[in-house]
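# Architecture and fold: a report
Next come the chains, spelled out residue by residue.
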Amino acid sequence: MEKKTILVTGGTGYIGSHTCVALMQAGYEVIALDNLYNSNEVVLDRIKEITGERPKFYQTDVLDKEGLRKVFAENHIDAVIHFAGYKAVGESVEIPLTYYENNISGSVNLYEVMKDAGCKTIVFSSSATVYGDPASVPIKEDFPVSTTNPYGTTKLFNERILEDVYTSDHEWSVMLLRYFNPIGAHKSGLLGEVPNGTPNNLVPYIARVANGQLEYLRVWGNDYKTPDGTGVRDYIHVVDLANGHISAVKYALEHKGVEKINLGTGKGYSVLDVLHAYEKACGKTLPYKILARRAGDIAECYADTEKAKKLLGWQAQYDIDEMCRDSWNFTLKNPNGIH
Ligand code: WQD
């Protein structure tokens, strides 16, 4: 049977590159597209080291509509997985217009080019951040949505735009995947998270404390109503997340309509839980200091994972120790990122 071709925007990024590997290993033809603003073309060689094949690549910005048209003119694309976008919460508060232009206008460009090319199957990289501060946990897909920063708002707006596109044309298939907290790395140590500058997120920061690049972990508050007072999140292995996209794109190729789906483990871990798991992974005691809460943080956030299990037959397999083990392995092998 003819291989289905999947365009992965943001394909050289953290989640995008892991998803390219999973797609290729699941028998799909992959085309990676990226503007390389926040990633490196060397990632494609790493993908080849893992899968034996280097995906076809377009260095294209989603703001370049003619560049997008060229991709669809030169290839028959069966579905798109759309990761490309800026993703730093704090930065989005400082430069909101850059986030709205890139994450909204860029995405609308993509959806218009898809429509004109007759490609109406999309898996969109959304985020649990659309839930804001939930009234209770675990969080179900039908919980109220509200965002507290421009980054989260661009995710919610993309969900709304794609719902409206489906309303206008029921030939579309739209999967809105709401990620919780992706961490970890491919077991080979060839792919992983390479943050720009000092990491905002917990695990990339801990990784730099573990390899001596940073002095200690700043724990943002221990006065939350959680078991040990520190923030609780649903950390999910990036390989589990990538596999969730394989299940989602398979479902999308077989069904029309819009589905919102949580991709999490359904388990919550506190900051100190993660720190201790990382200590086990790296075999060192990691210093930390308790500081004041970070503005905008919520106490607790973890997923109800029933819908992904029922609709996609997918559930996360890796536990927090394996996530930290794979993160540390990648960090040891790539102390200065992927070059
Ligand atoms: C996790 C916990 C912090 C750093 C964000 C985005 C979300 C998604 C994932 C893109 C919190 C604590 C953190 C540190 C700490 N990104 N922490 N010291 O804020 O849950 O989610 O990243 O899609 O959209 O909102 O992740 O890793 O920043 O924080 O104490 O140096 O770790 O307070 O409790 P967050 P995070």
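Details of the structure are given in the entry above.
First things first, this report covers the structure right here in the doc.

Cut-offs applied
Residues numbered from 1 in each chain as written. Predicted model: local features only at pLDDT ≥ 70, side-chain atom pairs only at ≥ 80, totals over all residues. Heavy atoms only, no water. Pairing = 2+ DSSP bridges. Helix = DSSP H or I, 4+ residues; strand = E, 2+ residues; numbered from the N terminus. Axes fitted to C-alpha atoms, helices over the stretch in contact; angles between N-to-C directions. Contact = heavy atoms within 4.5 Å. Near = heavy atom within 4 Å. Polar contact = N/O pair within 3.5 Å; in protein donor to acceptor, adjacent residues only side chain to side chain. Areas by Shrake-Rupley, 256 points an atom, 1.4 Å probe, with all protein chains shown as cover. Nonpolar A, V, L, I, M, F, W, Y, C, P; charged D, E, K, R; others polar. Buried < 20%, exposed > 50% of the residue type's maximum accessible area, 1.4 Å probe, protein only. Right-handed = clockwise from strand over helix to strand, strands pointing away. Expected span 1.5 Å × (residues − 1).

## Brief notes about the sheet that holds strand E9 (residues 232-233)
Strand pairing in a sheet takes place through backbone hydrogen bonds and is either antiparallel or parallel in direction. Taken together, the three strands give an open sheet; going across it, the order is E12-E9-E14, and neighbouring strands pair in mixed fashion. With one partner strand each, in any of the chains shown, strand E12 (269-270) and strand E14 (300-301) form the two edges of the open sheet. Judged from the two bridges that link them, E9 and E14 form a sheet pairing that is parallel. Bridge pairing in E14 links Arg233 to Cys301.

## Some thoughts on the sheet that holds strand E11 (residues 257-263)
Ordered by their spatial adjacency, seven strands build an open sheet running E3-E2-E1-E4-E5-E6-E11, and the pairing between neighbours is parallel. Each edge of the open sheet carries a strand with a single partner, namely strand E3 (56-59) and E11. Taking the axes of each pair of neighbouring strands and ignoring which way they run, one obtains an average angle of 20° across the sheet. Note that strand E5 (residues 121-127) and strand E6 (residues 173-179) share seven bridges and pair parallel. Looking at the pairing, Val123 lines up with Met175 of E6. On the sheet, helix H6 (residues 150-168) packs against E5, E6 and E11 and is oriented at approximately 155° with respect to E5.

## Topic: the site of the ligand
Around the ligand sit 19 residues in total, of which Tyr151, Leu202, Arg218, Arg233 and Asp297 are the nearest. The contact in question runs from an oxygen atom of the ligand to an N or O atom on the side chain of Arg233, over 2.6 Å. Here the ligand, which alone exposes 680 Å², has 88% of that area covered by the protein. Looking at the shell around the ligand, the element that brings in the most residues is strand E8 (residues 217-220), giving four residues. Class assignment for the residues of the shell around the ligand results in nine nonpolar, six polar and four charged.

## Some points on the pairing of E6
With seven of seven residues buried, E6 is to be regarded as a mostly interior element. Because side chains alternate across E6, one face comprises the buried residues Ser173, Met175, Leu177 and Tyr179, and the other comprises Val174, Leu176 and Arg178, equally buried. Taken together, E5, H6 and E6 constitute a β-α-β crossover, and its handedness is right-handed. Both E6 and E11 contribute to a ladder of seven bridges, which runs parallel. Of the residues in E11, the one forming a bridge with Val174 is Val258.

## Examining the environment of His245
Among the secondary structure elements, His245 is positioned in helix H8 (residues 238-254). Placed 226 residues apart in sequence, His245 and Thr19 show a C-alpha to C-alpha distance of 7.0 Å. For His245, the contacting residues outside a window of four places in its chain are Thr19, Ile81, Phe83, Val123, Leu177, Tyr179 and Leu263.

## Points about the side chain of Glu159
Structurally, Glu159 is set in helix H6. Apart from the residues within four sequence positions on either side, Glu159 is in contact with Ser126, Val130, Leu176, Arg178 and Lys260.

## What to know about helix H1 (residues 14-25)
Between its first and last C-alpha atoms H1 spans 17 Å; for 12 residues at 1.5 Å apiece the expected length is 16 Å, and the two agree. Directly after H1, the chain includes Gly27, whose backbone phi takes a positive value near 95°.

## A look at unusual backbone geometry
The residue after Val137, namely Pro138, is reached through a cis peptide bond having omega 0°. Take Pro138: it is sitting in the loop between E5 and H6. Here Leu36, not a glycine, exhibits a phi torsion of approximately 60°, which is positive. For Leu36, the position within the fold is in the loop between strand E2 (29-34) and helix H2 (42-51).

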